[in-house]
Amino acid sequence: MRKPVVTLAVWAFALTGALGTANAQKAYGPGVTDTEIMLGANAPYSGPASIYASFPKTMLAYFAMLNEKGGINGRHINFVTRDDAYSPPKTVEVTRALVENDKVLAIMAPFGTPTNAAIQKYLNSNGVPHLLVQSGGTRWNDPKHFPWTTPYSPTYVNESRIIARYVLREKPDAKIGVLLQADDIGKDFVLGLKEGLGAKADTMIVKEAMYQSTEPTIDSQIVNLKASGADTILIAAQNKFASMAIRKIHELGWKPLIFLARPRIRSPACWCPPGSRHRPAS
């Protein structure tokens, strides 16, 4: 197990404080020298979530800009990213390489719910900081069991609770269908939706349709949701699948009230068909 070298109280890019501690103690751990800090992350440069490659690319650009200005306390940030194709087995492989071969100080803002779930235990068991996870899963905020993991995003559970409150207020007789990814993303969205709807959840949610991120199409799921009689849809899906869902809904001539959840990168919103009186949730 690697020995802790910094205490993580707040890590919203607050490397300055950590570096000040390292300077004072003159006791450096993996990934830290007098001139450099090495951070690592898995990244979806290929595979079904490759649209999210903009996240690590933006970080790389930010650190390049920061290094041009002298870095942090004189240290440059060497941010090493490796493609995991949004595949949990590959995430394990590239993360082990970053930790054991590249000797990074921390895994910084790694992307994905199933991918980070695959490495969370490994990183915590080895005392490797697992910071600002790019996912809204509730499991990242569990300091009792995973003290080395810190969350970044608001949770999917809270997001769907807000959506549920909006539906109860604006469309209390809604028949809700849910398109969900078959992992913790989908589970958390359904959990929050049911909590938000309370006693009405069993009668208002008429259909849940799951998909795998490797599926080429979700047409059958959308057809089944329409057949359920749902007039309101929560699309708890990533960009590619959210786009395919909207297209198929249009092709079917179906006009439900649609909520697009945050995994599509942008903030949650609802799309209201022409003539609807409903407004985006807030």
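The preceding data block contains the structure.
These numbers come from a predicted model, not from an experiment.

**Notes on the sheet that holds strand E5 (residues 149-151)**
Next up, step 1: Pairing in this open sheet of five strands is parallel, and the strands run E2-E1-E3-E4-E5 from one edge to the other. A strand with exactly one partner marks an edge of an open sheet, and here the two such strands are strand E2 (76-83) and E5. Adjacent strand axes in the sheet meet at a mean angle of 25° when their direction is disregarded.
Next up, step 2: For strand E1 (residues 36-43) and strand E3 (residues 106-108), the ladder comprises two bridges, and the chain directions are parallel. Residue Gly40 lies in a different strand from E3, and its bridge partner there is Ile107.
Next up, step 3: Lying on the sheet, helix H2 (residues 54-68) is in contact with E1, E2 and E3; it crosses E2 at an angle near 160°.
Next up, step 4: Sheet strands in contact with helix H4 (residues 113-125) are E1, E3, strand E4 (130-133) and E5, and its direction is about 155° off that of E4.

**Quick word on the pattern of salt bridges**
Next up, step 1: For the structure shown, the criterion picks out ten salt bridges.
Next up, step 2: Its salt-bridge partner being Arg161, residue Glu195 comes within 2.6 Å of it at the nearest N-O pair. Placement of the pair is Glu195 in helix H6 (residues 184-197) and Arg161 in helix H5 (residues 156-170), with a sequence separation of 34 residues.
Next up, step 3: Overall, Glu195 belongs to the partly exposed group, its relative accessible area being 40%.
Next up, step 4: Judged by its relative accessible area of 28%, Arg161 falls in the partly exposed class.
Next up, step 5: Taking the shortest distance from any N to any O, the salt bridge between Arg169 and Glu170 comes out at 3.1 Å.
Next up, step 6: Since its relative accessible area comes to 54%, Arg169 is described here as exposed.
Next up, step 7: On the basis of relative accessibility, which here comes to 23%, the residue Glu170 falls in the partly exposed class.

**Here we look at the packing of helix H8 (residues 219-227) against helix H9 (residues 239-251)**
Next up, step 1: Where H8 contacts H9, the axes come no closer than 9 Å and their chain directions differ by 50°. It follows from the interaxial angle that H8 and H9 lie oblique. When the axes of H8 and H9 are compared, the crossing they make is right-handed. Contacts between H8 and H9 involve Asp219, Ile222 and Val223 from the first element and Ala245, Lys248 and Ile249 from the second.

**Some remarks on the environment of Asn224**
Next up, step 1: As for its placement among the helices and strands, Asn224 is situated in helix H8.
Next up, step 2: C-alpha separation for the pair Asn224 and Glu208, spaced 16 residues apart in sequence, amounts to 9.2 Å.

**Some remarks on unusual backbone geometry**
Next up, step 1: Even without being a glycine, Ala85 presents a positive backbone phi close to 55°.
Next up, step 2: Within the secondary structure layout, Ala85 lies in the loop between E2 and helix H3 (88-101).
Next up, step 3: Notably, Tyr86 is not glycine yet its phi reads approximately 55°, a positive angle.
Next up, step 4: Checked against the element boundaries, Tyr86 lands in the loop between E2 and H3.
Next up, step 5: You can call Tyr86 buried: its relative accessible area is 5%.

**Thoughts on the packing of aromatic side chains**
Next up, step 1: Enumeration over the complete set of coordinates arrives at nine aromatic pairs.
Next up, step 2: Summarising the aromatic geometry, the rings of Tyr52 and Phe55 are spaced 5.8 Å apart at their centres and angled 70° between planes, so their arrangement reads as edge-to-face.
Next up, step 3: Through a chain of ring-to-ring contacts, three or more aromatic side chains come together here, namely Tyr52, Phe55, Tyr86 and Phe111.

**A few points about H4**
Next up, step 1: With 13 residues, H4 should reach 18 Å at 1.5 Å per residue; the first-to-last C-alpha distance of 19 Å fits that figure.
Next up, step 2: Turning to H4, its buried residues number three or more, namely Thr113, Pro114, Thr115, Asn116, Ile119, Gln120, Tyr122, Leu123 and Asn124.
Next up, step 3: Of the residues flanking the end of H4, it is Gly127, one or two places downstream, whose phi is positive at about 65°.

Reading the values: the criteria
Residues numbered from 1 in each chain as written. Predicted model: local features only at pLDDT ≥ 70, side-chain atom pairs only at ≥ 80, totals over all residues. Heavy atoms only, no water. Pairing = 2+ DSSP bridges. Helix = DSSP H or I, 4+ residues; strand = E, 2+ residues; numbered from the N terminus. Axes fitted to C-alpha atoms, helices over the stretch in contact; angles between N-to-C directions. Contact = heavy atoms within 4.5 Å. Salt bridge = Lys/Arg side-chain N within 4 Å of Asp/Glu carboxyl O. Buried < 20%, exposed > 50% of the residue type's maximum accessible area, 1.4 Å probe, protein only. Parallel < 35°, antiparallel > 145°, perpendicular 65-115°, else oblique. Left-handed = near helix turned anticlockwise from the far one by under 90°. Phe/Tyr/Trp six-rings, centres within 6.5 Å; stacked < 30°, edge-to-face > 60°. Expected span 1.5 Å × (residues − 1).

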